Amino acid sequence: MGGPMGMVDSGLPVVVFVAVNALAGLNAAIFSAVGAGIVIALFRLVRKRPVIHAITGLFGVAIAAFIAHRSGSAGGFFKLGIWSYLIYGGALLVSLLVRWPLIGVIWESINGRGQGWRSNKKLVRRYDYATLVWLAIFALRYSVQNFLLNRDEIGWLAAARLLMGYPLYLLGIAATVWIVARGTGWKFPTLAVILGKKKSTASEPAP
C-alpha cells in the first residue's frame, strides 16, 4: 500500500486542504491540496522512488478538488472518496450474492492457483467471512463520513478520513489473513523468518 510514504501521500493533501480552508477559504485550499500532491510526486521523482502511489494520489486529489470547486463547498473535496466506498462495498456485496467472494478471487489470484478453490466449500465459506469483513469496513466508512458530510462537519470529516483509512485497512488485512489461515493451514512466519535469518517452513495454503 506504499508503506509509510503511502500514508503521507494519501493523508497530507487532506490535512493541507482542511487547514488552508479554515484559514484562507475554499479556493486557496483547493490550490494548496493540489500543490501538496504535486510536491509529493516531485519529491518521489527526485529521490528516484516509485511514483505510482503519488501519481494516482495526485489524480484523485485533482478530481476531488474539481468536485469541490464545482460544488462551491469544502465538503465536495471528500465526495469522491465517500462515493468510492459505496462502489467498493457494492462490488463486495454482489460478489457474495453470486457466490464468488471477492477476497477469495483476489487471494487466489495473487497466489496463482486459478479457480480450484471454488470446489472447496469450507474454503469458500472462509472467503465469504473475509469478504464480509471488508464489506463492513466500507459500509462503516461510508456511513460515518457521509453523515459528517451531510452535517458539514469538515474538520471531523477530515479526521474520520484519516483515522478510517490506513488503520482500518491494516485491521482488515489482519482479520483477512487470520480468517483465511484458519481454513487453509497457512502458518504465520516467525520473526526469524521475517528478518531473513531462517528459512520458512510454513505450509502453503491449500487450493
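Rules and cut-offs
- Counting of residues starts from 1 at the beginning of each chain's written sequence and follows it residue by residue.
- Local features are withheld for residues below a pLDDT of 70 in this predicted model, meaning they are given only at 70 or higher, and side-chain atom pairs are given and counted only at 80 or more; totals for whole chains, interfaces and linings count all residues.
- In computing side-chain values, all of the structure's heavy atoms are included and hydrogens and water are not.
- The term salt bridge refers to a side-chain nitrogen of Lys or Arg lying within 4 Å of a carboxyl oxygen of Asp or Glu.
- The helix and strand labels rest on DSSP assignments: H or I over at least four residues marks a helix, E over at least two residues marks a strand, and numbering proceeds from the N terminus.
- Note on classification: 1.4 Å probe, protein chains only; a residue is buried when its accessible area is under 20% of the maximum for its type, exposed when over 50%, partly exposed between these limits.
- By definition, residues are in contact when any of their heavy atoms lie within 4.5 Å.
- UniProt positions are given in the numbering used here, feature names are shortened, and annotations may be inferred rather than shown by experiment.
- Each residue carries a pLDDT score, the predictor's confidence in it, ranging from 0 to 100.
- For a helix, the expected span equals 1.5 Å multiplied by the residue count minus one.
- Directions drawn from the helix axis to the C-beta atoms are what define this arc.
- Working definition of a nonpolar core: buried Ala, Val, Leu, Ile, Met, Phe, Trp, Tyr and Cys residues. They are joined through side-chain atoms within 4.5 Å.
- Each domain's limits were defined by an automated method or a database of domain assignments.

1. Regarding the pattern of salt bridges
By the definition in use, this model includes 1 salt bridge. Where Arg-99 meets Asp-128, a salt bridge forms, and the shortest distance between an N and an O atom there is 2.8 Å. Of this pair, Arg-99 sits in the loop between helix H4 (79-97) and helix H5 (102-110) while Asp-128 is found in helix H6 (residues 121-150), placing the two residues 29 residues apart along the sequence. Arg-99 gets classed as partly exposed once you look at its relative accessible area, which sits at 39%.

2. So, the side chain of Thr-131
Within the fold, Thr-131 resides in helix H6. Since its relative accessible area comes to 0%, Thr-131 is described here as buried. When residues no more than four places from it in sequence are discounted, the contact partners of Thr-131 are Leu-92, Ser-95, Leu-96, Pro-101, Leu-102 and Ile-103.

3. Focus: the UniProt feature "transmembrane region" (unreviewed entry) in the protein chain
The positions UniProt marks with the feature "transmembrane region" (unreviewed entry) are residues 12-43, 50-70, 82-107, 127-144 and 156-181. The straight-line gap between the two end C-alpha atoms of residues 82-107 is 25 Å; of that span, 85% is helix and 0% is strand. Secondary structure over residues 127-144 splits into 100% helix and 0% strand, and the C-alpha atoms at its two ends are 26 Å apart.

4. So, the confidence of the model for the protein chain
Overall, the prediction assigns the protein chain a mean pLDDT of 82, with 81% of residues at 70 or greater. This model gives residues 190-195 a pLDDT under 50, and the stretch forms 6 contacts once residues within four places in sequence are excluded. Confidence over residues 200-207 falls short of pLDDT 50; this stretch has 17 contacts with residues more than four positions distant or in other chains.

5. What to know about H4
Compared with the 27 Å implied by 1.5 Å per residue over 19 residues, the 27 Å span of H4 between its first and last C-alpha is a close match. Of the positions making up H4, those classed as buried are Gly-81, Ile-82, Tyr-85, Gly-89, Leu-92, Ser-95 and Leu-96. Mapping the buried residues of H4 onto a view down its axis gives an arc of 145°, with all of them on the same face. Residues Ile-87 and Leu-97 are exposed on H4 and point more than 90 degrees away from its buried face. Here the buried face of H4 lies against H5, H6 and helix H7 (154-163). Directly beyond the C-terminal end of H4, a positive phi value near 65° is found at Arg-99.

6. Some words on the nonpolar core
Of all hydrophobic cores here, the largest spans 41 residues; its most connected members are Phe-17, Phe-77, Phe-78 and Tyr-127. Sorting the residues of this core by element identifies helix H1 (3-24), helix H2 (26-46), helix H3 (52-71), H4, H5, H6, H7 and helix H8 (166-184) as the ones contributing at least two each. Ranked by the residues each element gives to this core, the list is headed by H6, at 10 residues. Both domains that meet at this core, namely domain 1 (13-70) and domain 2 (74-186), each give it at least three residues. Residue contacts for Phe-17: discarding those within four places in its chain leaves Leu-26, Ala-29, Ile-30, Ala-33, Ala-74, Phe-77 and Phe-78.

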